[in-house]
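Okay, here's what each chain looks like letter by letter:
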Amino acid sequence: MLFSKIRHLQLLGVRYRSSHYVTTPIFYVNAAPHIGHLYSAVIADAHCRYQRLRYPDTEVRLCTGTDEHGTKIQQAAAAHEVPVGQYCDEISALYRGVFKEARIEYDDFIRTTEQRHKSAVSDFWHRLQSRGHIYSAAYSGWYCVSDETFLTDSQLRLDEASGARYSLESGHPVEWTEETNYMFRLSQFQDDVRHWVKQEARIRPVKFEKILLDTLSEPLPDVSISRPANRVHWAIPVPNDETQTVYVWLDALINYLSSLGYPNEQYLAHWPPAQQVIGKDILKFHGVYWPAFLLAAGLEPPRQLHVHSHWTVDGQKMSKSKHNVVDPVEAAKQYTMEGLRYFLLREGVAHSDGNFSHVKALRILNSELADTLGNLLSRACAKSLNPHQMYPEPHVEHLSQLLQHLDAGKRLQEALFHLAGRCEQHYEGNHFHLVADTAIAALHAANNFFECAKPWELKAGGSSPNAQRLQTIIAMTMDALRLCGIVLQPMMPQLTSRLLDKLNVPIAQRSWRHLGESFATPATPATVGNGPESHQLDEQSSALLFQRIVEQQDKPTEQRTQSPAQSKRSKSKRERKSSATMS
Ligand code: MSP
């Protein structure tokens, strides 16, 4: 079997383990980014940040970018009356802007219109061709421009009234297309792809593995991998045949290789991807075509696909016609970008669609980030309780008293003791909502402990037993904040960095292994604790982490359906209008 023939590549396993290559899908530049796009990127980013935190010796590499060829892009640029190259530049820049603001820490941002990518596509094509996997044939079928794919009759819906046909899955119209294309022998890879899909933890969540296996239970037809250049000219020419251009999905998938420098052998240092994050709508392309293309080219397919579901808005699919597309930049004005990141990861679950509702966002951000996390930091830093602005060390007797005689103290210790292990398990499966649950539960325990220990009844200052008990309460509370801050770094890099800055935790002490250092995990039963030494808080940093959001009249699901070019044009129209009025 071909799959086993390339198994020898796995002998390079030692090198693989030292690299962890992660990708997002590359984003179409037909319209500005919305929260669904940001979601794919945030998942991949949080995954990579966790990997870096947990496995500091592994080289983690995250690649993202924009998918810029094809009829869809051609048409979008034409509709906005902007040259297609310029249109791509503008929308691609919008993606980079949003990702910068959202702290997507990518190592490479690739655009399919770059020369390095075109060379990689050309090489890959030659590879498929020289191995006999490409042939030329007349092809006809229903083509969906929006989805950039041919569809079979069973994938279509016929509108009886108009006679028009639509994609069942996406709802977009299709058109009858007859042309001569280059075909890829997908049918020959049915068994290999099925074998690949069935490997342990290959496709996650399992629900999507089942969907793929269902698809693979039917015979796979060969797939057309080129289009006539006179119909789709905004694309990469087929090598040695200028009458044809490369099918956009083959072009797009190869970005994962071109970003690593393929065909230069240096790409092998990171190949294959450890995890590819994709939305459920592009499962077939990544779970059937992609492994087949790679196997045909003699390359190893990815080790894991992490598939996520979609965001709806107030229960409805996001669409320009419904004017409910949530623009991340607008949403961040109200929730902050960290708040938006947190909400997406906290509320989204991979296996089913999530609903983006303003009411829910307010409730979660206010209760978890403002009231539970932010408020606890303000209380522990209050001048009345902490006049010298210290992150103190606990006192032996008071610590054991608080742990033995105060139920809330015991519960806090228990929550913090399990924090690292539980969160690690959840992060490993990209279950960010469970990481948040676990950290917020620990912070609830810390708030509850603070309430029950009543530090405000104790007098601060000096070395009286009262003052020592107060210091111990503050120390335990700050430990809880510090540990939760470390754990939540992948989900909210900026907010947690402000938290850890305020607590004056050195950068070198913010990694996963430092979760083992706290009063809750004593080095030996005889010692006080294992946490940081008593030190000053950083007075330059604010103790205000997340400001409560107050309800506004306007909903944040403010849309940006205009392209930058379009808004420039309406601006210049406005300018023209006002100068006309003036004259
Ligand atoms: N260009 C292709 C991917 C090529 S990868 C070789 C594409 N682009 S896209 O811009 O349409 O989508 C990019 C990602 O955004 C996909 O993972 C897709 O699932 C995701 N989302 C688009 N709409 C979404 C929601 N409403 N909710 C969540 N994710 C969504 O497909």
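Residues numbered from 1 in each chain as written. Predicted model: local features only at pLDDT ≥ 70, side-chain atom pairs only at ≥ 80, totals over all residues. Heavy atoms only, no water.

Focus: the sheet that holds strand S19 (residues 354-356)
The strands that make up a sheet are held in pairs by hydrogen bonds between backbone atoms, and each pair lies either parallel or antiparallel. Filter applied, for reference: Following DSSP output, two strands are said to pair if at least two bridges run between them. Each helix corresponds to a stretch of at least 4 residues labelled H or I by DSSP, and each strand to a stretch of at least 2 residues labelled E; elements are numbered beginning at the N terminus.
Taking strand neighbours across the sheet as the criterion, the three strands line up as S18-S17-S19 in an open arrangement whose pairing is mixed. Both outer strands of the open sheet, strand S18 (316-317) and S19, are each paired with one neighbouring strand and no more. Two strands pair when backbone bridges link them, and strand S17 (residues 311-313) and S19 are joined in this way by three bridges, in the parallel orientation. The residue bridging Val313 from the neighbouring strand is Phe356, located in S19.

Section: the site of the ligand
Our working rule: Here a residue is considered near a molecule or strand provided that any single heavy atom belonging to it is located within 4 Å of it. Nitrogen and oxygen atoms within 3.5 Å of one another constitute a polar contact, given that in protein one can donate a hydrogen and the other can accept it, and given that sequence-neighbouring residues count only through two side-chain atoms. Here the open area of atoms and residues is found with the Shrake-Rupley method and a 1.4 Å probe, where only the protein chains shown may cover a residue. Amino acids outside the nonpolar list (Ala, Val, Leu, Ile, Met, Phe, Trp, Tyr, Cys, Pro) and the charged list (Asp, Glu, Lys, Arg) are all regarded as polar, and Gly is one of them.
Near the ligand, the surroundings consist of 24 residues, among which Ile26, Asp67, Gly279, Asp281 and Trp311 are the closest. Between the ligand and His37 there is a distance of 3.5 Å, counted from an oxygen atom to a side-chain nitrogen or oxygen. Protein chains bury 93% of the 660 Å² of accessible surface belonging to the ligand in isolation. Those elements that place two or more of their residues in the shell around the ligand are strand S2 (27-28), helix H3 (35-54), helix H9 (248-253), helix H10 (255-258) and strand S15 (275-279). Among the residues forming the shell around the ligand, the class breakdown is twelve nonpolar, ten polar and two charged.

Overview of the state of the cysteines
Worth spelling out the cut-off: To count as a disulfide, a pair of cysteine sulfur atoms needs to be within 2.5 Å. Exposure classes here rest on a 1.4 Å probe applied to the protein chains alone. A residue is buried below 20% of its type maximum, exposed above 50%, and partly exposed in between.
Under the counting rule described, the total for this entry stands at zero disulfides. Considering cysteine sulfurs only, Cys423 is the nearest to Cys484, which forms no disulfide, with 7.7 Å between them. According to the relative accessible area criterion, Cys484 is buried, its value standing at 0%.

Some words on the domain arrangement of the protein
A common way to report how large an interface is uses the accessible area buried once the components associate. Applicable threshold: Where a domain begins and ends is set by an automatic assignment or by a domain database. Two residues qualify as a contact provided that any one of their heavy atoms is within 4.5 Å of a heavy atom in the partner residue. The quantity reported as buried area is the accessible area (1.4 Å probe) lost by two parts once they are put together, taken as the sum for both. Between Lys or Arg on one side and Asp or Glu on the other, a salt bridge is scored when a side-chain nitrogen of the former is within 4 Å of a carboxyl oxygen of the latter.
When its domains are assigned, the protein resolves into domain 1 (19-133 + 185-308) and domain 2 (371-536). Look at where the C-alpha atoms of domain 1 and domain 2 centre, and you get two points 43 Å apart. Contact with domain 1, which involves twelve residues of that partner, is made by 14 residues of domain 2. Between domain 1 and domain 2, roughly 1200 Å² of surface is buried when both sides are summed, and carbon and sulfur atoms account for 60% of that area. For domain 1, the biggest contributors to the area lost against domain 2 are Tyr50, Leu53 and Arg103; these three give 50% of the whole. Taken together, the connections running from domain 1 to domain 2 amount to one salt bridge. One salt bridge in this structure joins Glu424 and Arg54, with 3.1 Å as the shortest N-O distance. Here domain 1 is connected to domain 2 by six residue pairs in polar contact (both at pLDDT 80 or more). Per-element accounting of the side of domain 1 that touches domain 2 gives the leading share, eight residues, to H3. Classifying every residue of the side of domain 1 that touches domain 2 gives five nonpolar, four polar and three charged.

Considering unusual backbone geometry
With an omega of 5°, the peptide bond running from Tyr262 to Pro263 counts as cis. Residue placement: Pro263 occurs in the loop between H10 and S15. Unlike most non-glycine residues, Asn240 shows phi in positive territory, near 65°. As for its placement among the helices and strands, Asn240 is situated in the loop between strand S13 (237-238) and strand S14 (241-246).

Section: the environment of Ala77
Following the sequence through the fold, Ala77 ends up in helix H4 (residues 71-79). Along the primary structure Ala77 and Val435 are separated by 358 residues, whereas in three dimensions their C-alpha atoms are 42 Å apart. Sequence-distant contacts of Ala77, that is, excluding residues within four places in its chain, are made with Val82, Val84 and Tyr87.

A closer look at the nonpolar core
Nonpolar side chains tend toward joint burial in soluble globular proteins. Going by this rule: Side-chain atoms within 4.5 Å are what join buried Ala, Val, Leu, Ile, Met, Phe, Trp, Tyr and Cys residues into a set we call a nonpolar core.
Counting 173 residues, the largest nonpolar core has Leu38, Phe124, Phe184, Ile225, Leu257, Trp271 and Phe356 as its most contacted members. Per-domain counts for this core show at least three residues from each of domain 1 (19-133 + 185-308) and domain 2 (371-536). Once residues lying within four places of it in the same chain are set aside, the contact partners of Ile225 are Trp125, Ile134, Tyr182, Met183, Phe184, Thr245, Val246, Tyr247, Leu250 and Phe293. Ranked by size, the runner-up nonpolar core spans five residues in total, among them Cys144, Leu151, Leu156 and Val174.

As for helix H8 (residues 206-215)
Note the following rule: Comment: arc refers to directions from the helix axis out to C-beta atoms.
Turning to H8, its buried residues are Phe208, Glu209 and Leu212. The buried residues of H8 occupy an angular sector of 105° when projected down its axis, which confines them to one face. Residues of H8 that are exposed and angled more than 90 degrees away from the buried face: Lys210 and Asp214. Of the surrounding secondary structure, the elements contacted by the buried residues of H8 are helix H7 (190-197), strand S10 (203-204), helix H11 (283-297) and strand S16 (305-308).

Structural notes on the packing of helix H14 (residues 358-381) against helix H18 (residues 465-488)
For clarity, the cut-off: Axes, fitted as lines to C-alpha atoms, cover a helix only where it is in contact. Angles between the N-to-C directions of the axes lie from 0 to 180 degrees. What makes a crossing left-handed is the near helix being turned counterclockwise from the far one by less than a right angle; a clockwise turn instead makes it right-handed.
Their axes nearest at 10 Å, the elements H14 and H18 cross at an angle of 145°. The handedness of the crossing between H14 and H18 comes out as left-handed. Residues Leu373, Leu376, Leu377, Ala380 and Cys381 of H14 form the contact with H18, whose participating residues are Ile474, Thr477, Met478 and Leu481. Of the residues in the contact of H14 with H18, the class split is eight nonpolar, one polar and no charged.

Some remarks on the pattern of salt bridges
Summed over the entire model, instances satisfying the criterion amount to 22 salt bridges. Where Lys280 meets Asp353, a salt bridge forms, and the shortest distance between an N and an O atom there is 3.0 Å. Of this pair, Lys280 sits in the loop between S15 and H11 while Asp353 sits in the loop between helix H13 (337-347) and S19, and the two are 73 residues apart along the sequence. With relative accessibility at 32%, the residue Lys280 sits in the partly exposed group. For Arg379, the salt bridge identified is with Glu451, shortest N-O distance 2.7 Å. One end of the pair, Arg379, is in helix H14; the other, Glu451, is in helix H17 (residues 432-453), with 72 residues separating them in the sequence. Salt bridges sharing partners connect three or more residues here, namely Asp45, Arg49, Arg52, Glu105, Asp107 and Arg341.

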